[in-house]
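Remarks on the overall topology
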Amino acid sequence: QVQLVESGGGLVQAGGSLRLSCAASGRTFSSYHMGWFRQAPGKEREFVAVISWSGGSTDYADSVRGRFTTSRDNAKKTGYLQMNSLKPEDTAVYYCAADEIFRRVVDGRVSSWGQGTQVTVSS
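Rules used in this analysis
Residues numbered from 1 in each chain as written. Predicted model: local features only at pLDDT ≥ 70, side-chain atom pairs only at ≥ 80, totals over all residues. Heavy atoms only, no water. Helix = DSSP H or I, 4+ residues; strand = E, 2+ residues; numbered from the N terminus. Rg over C-alpha atoms; globule rule 2.2 N^0.38 Å. Salt bridge = Lys/Arg side-chain N within 4 Å of Asp/Glu carboxyl O. Buried < 20%, exposed > 50% of the residue type's maximum accessible area, 1.4 Å probe, protein only. Core = buried A, V, L, I, M, F, W, Y, C linked by side-chain atoms within 4.5 Å. Contact = heavy atoms within 4.5 Å. Phe/Tyr/Trp six-rings, centres within 6.5 Å; stacked < 30°, edge-to-face > 60°. Pairing = 2+ DSSP bridges. Axes fitted to C-alpha atoms, helices over the stretch in contact; angles between N-to-C directions.

Looking only at helices and strands, the protein chain features one helix and eleven strands. Each helix and strand of the protein chain, ordered N terminal to C terminal, gives the series β-β-β-β-β-β-β-β-β-α-β-β. Over its C-alpha atoms the protein chain spans a radius of gyration of 13 Å, differing by no more than 12% from the 14 Å that the globule rule assigns to 123 residues. On the principal axes, the C-alpha backbone points of the protein chain span a range of 40 × 25 × 25 Å.

Moving on, we come to the pattern of salt bridges. Counting across every chain of the model gives seven salt bridges. Of the charged contacts, one joins Asp62 and Arg65 as a salt bridge, the two residues approaching to 2.4 Å between their closest N and O atoms. Between Arg109 and Asp107 there is a salt bridge, with the nearest N and O atoms lying 3.2 Å from each other. The class of Arg109 is exposed, set by a relative accessible area of 56%. Sharing partners across several salt bridges, the network here consists of Arg38, Glu46, Arg67 and Asp90.

Our focus in this paragraph is the nonpolar core. Judged by nonpolar contacts, the single largest core of 34 residues is most densely connected at Leu4, Trp36, Val48, Phe68, Leu81, Met83 and Tyr94. Of all the secondary structure elements, the ones that give two or more residues to this core are β3 (18-25), β4 (33-39), β5 (46-51), β8 (78-83), β9 (92-99) and β11 (117-122). Once you skip the residues sitting within four places of it in the chain, Phe68 turns out to touch Arg38, Val48, Tyr60, Leu81, Gln82, Met83, Asn84, Leu86, Asp90 and Tyr94.

What follows is about the packing of aromatic side chains. One pass over the full model with this rule turns up three aromatic pairs. With a centroid separation of 5.8 Å and 75° between ring planes, the pair formed by Phe37 and Phe47 is classed as edge-to-face. On the criterion of sequence distance, the pair formed by Phe37 in strand β4 and Phe47 in strand β5 is long-range, its members being ten residues apart. Through pairs of rings, three or more aromatic residues link up here, namely Phe37, Phe47, Tyr95 and Trp113.

Here β11 shows a clear split, with Thr117, Val119 and Val121 buried on one side and none of Gln118, Thr120 and Ser122 buried on the other. Alignment of strand β2 (residues 10-13) against β11, held across four bridges, turns out to be parallel. Residue pairing across strands places Val12 opposite Val121, the latter belonging to β11.

If you walk across this open sheet you meet the four strands as β1-β3-β8-β7, and the pairing is antiparallel. Only two strands of the sheet have a single neighbouring strand rather than two, namely β1 (3-7) and β7 (68-73). Across the sheet, the mean angle separating the axes of adjacent strands is 20° when strand polarity is ignored. In terms of strand pairing, β7 meets β8 through six bridges, oriented antiparallel. Bridge pairing in β8 links Phe68 to Met83.

Okay, here's the thing in structure tokens:
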């Protein structure tokens, strides 16, 4: 239901870092759980991370756990994905997603998607 606008993608060398931002419109953003997904060319969409509306619960794909951190600032109506120790296999279009039900975010069955932002990691 909320509208999401992503930013922060770009080109980075392996081992570098990027922070993606997902800005939401609407006064009820704080009640929405937020997730991150990515899709590389020729591959299916992949779950990356999720954070509950309160920030108290998070989960990560095994491929990014320990390297990526998701957070949110409800006062700014913005979610973040901090990506460290980037690898070439992290190259993909990254999408943020939001929904009022946590399970829907984990499953990618959400009411709101961001437009996507390209992340390219060179070797």
